[in-house]
Amino acid sequence: MPNISEDELRALNVYQEVETYAWLRLRYRITVRCLLVLATFVVRGILVSTAPEHFAYEVFLSSRVSLEYITDMIFYRTIIAVSLACLYGFALYKNHYLRSVSMIALMAAVALLWGDLQMFLLSSIDRFSPLAYTSLGLRIVAAILLALNYFDVRR
């Protein structure tokens, strides 16, 4: 049996992102945060899909965007979110490329948050209902949880 040092073994397993001793400690915490992020997206999706005309009226009042455009945008964002969630789940389950996937998920969440902030800033913020504020708050919570996951994986 050849003697392989710890550094050589780590170099051979470049796909494995978190060492075994740290992985056992972090896996539960990251999984719980991922489930909370998933729950925030589901709640936000339900809020927006149950009242898309209310959401469209508040956010896109000045630009006169059609309701069909809003529902298409929600549909495509959902496809992207489900794809990223599946990729993140696989990386979390296998502990392969978790740092890269965590960074991609964080970038996607921040990009969506930035898009929402632009929509809110383009509209008048004093006309917003609790639905709009709840939607934005859920997006912020999801971005914070994904950032905490990324920082845990990077350590």
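One structure accompanies this document, and this report is about it. (Residues numbered from 1 in each chain as written. Predicted model: local features only at pLDDT ≥ 70, side-chain atom pairs only at ≥ 80, totals over all residues. Heavy atoms only, no water.)

## Remarks on the overall build of the protein chain
Threshold: Starting at the N terminus, helices and strands are each numbered in turn, a helix being any DSSP run of H or I of at least four residues and a strand any DSSP run of E of at least two. Burial classification: accessible surface area is computed with a 1.4 Å probe over protein chains only, and a residue below 20% of its type maximum counts as buried, one above 50% as exposed, and the rest as partly exposed. Here, two residues are considered to be in contact whenever any of their heavy atoms come within 4.5 Å of each other. All accessibility values rest on the Shrake-Rupley procedure with a 1.4 Å probe; residue burial counts only the protein chains present in the view.
Of regular secondary structure, the protein chain possesses six helices and zero strands. Helices (α) and strands (β) of the protein chain occur, in sequence order from the N terminus, as α-α-α-α-α-α. Residues counted as buried form 35% of the 155 residues belonging to the protein chain. Look at the contacts in the protein chain between residues 6 or more apart in sequence, and 78% of them connect residues 24 or more apart. A total of about 9,900 Å² of accessible surface is found on the protein chain, and carbon and sulfur atoms cover 68% of it.

## Notes on the pattern of salt bridges
Where charged atoms from two side chains of opposite charge come close, those side chains can pair. Counted only if it meets this: A pairing counts as a salt bridge when a side-chain nitrogen of Lys or Arg comes within 4 Å of a carboxyl oxygen of Asp or Glu.
Per the stated rule, a full pass over the model turns up two salt bridges. Where Arg29 meets Asp152, a salt bridge forms, and the shortest distance between an N and an O atom there is 3.4 Å. Pair noted here: Arg29 is in helix H2 (residues 20-50) and Asp152 is in helix H6 (residues 130-154), with a separation of 123 residues, a long-range link. According to the relative accessible area criterion, Asp152 is buried, its value standing at 4%. For Arg33, the salt bridge goes to Asp152, with nearest N and O atoms at 2.7 Å. One end of the pair, Arg33, is in helix H2; the other, Asp152, is in helix H6, and 119 residues separate them in sequence. For the pair Arg33 and Asp152, a shared accessibility class is recorded, and that class is buried. Three or more residues are tied together by salt bridges with common partners; here these are Arg29, Arg33 and Asp152.

## A look at the layout of surface pockets
The criterion, for reference: Cavity means a closed set of points on a 1 Å grid over the protein atoms alone, one where a 1.4 Å probe fits but cannot get out, pocket means an open set with protein on both sides within 12 Å along at least 5 of 7 lines, and lining means a residue has an atom within 4 Å of a point. Grid points are joined across faces, edges and corners, and a volume is the space filled by probe spheres set on the points. Classification convention: Asp, Glu, Lys, Arg as charged; Ala, Val, Leu, Ile, Met, Phe, Trp, Tyr, Cys, Pro as nonpolar; all other residues, Gly among them, as polar.
Estimated volume of the largest pocket: approximately 870 Å³. Around the largest pocket sit 31 residues that line it, and Leu38, Phe41, Ala81, Val82 and Ala85 are the ones nearest its centre. Counting only elements with at least two residues in the lining of the largest pocket, the list comes to H2, helix H4 (67-94), helix H5 (98-122) and H6. Looking at the lining of the largest pocket residue by residue, the classes come out as 23 nonpolar, five polar and three charged.

## Thoughts on the nonpolar core
The criterion, for reference: Nonpolar cores were defined as sets of buried Ala, Val, Leu, Ile, Met, Phe, Trp, Tyr and Cys residues, with membership established by side-chain atoms within 4.5 Å.
Judged by nonpolar contacts, the single largest core of 24 residues is most densely connected at Ile30, Tyr88, Leu92, Leu98 and Leu146. Excluding its chain neighbours within four sequence positions, the residues that come into contact with Leu146 are Val37, Tyr88, Ala105, Leu106 and Ala109.

## Comments concerning a nonpolar patch on the surface
Just so we agree on the cut-off: Residues qualify for a patch when their relative accessible area is over 30% and they have no salt bridge, like charges being joined within 9 Å and the nonpolar side chains of Val, Leu, Ile, Met, Phe, Trp and Tyr within 5 Å.
On the surface, a nonpolar cluster with roughly 370 Å² of combined accessible area is contributed by Leu35, Leu38, Val42 and Ile46. Within the element layout of this structure, Leu35 appears in helix H2. The exposure class assigned to Leu35 is exposed, which follows from its relative accessible area of 52%.

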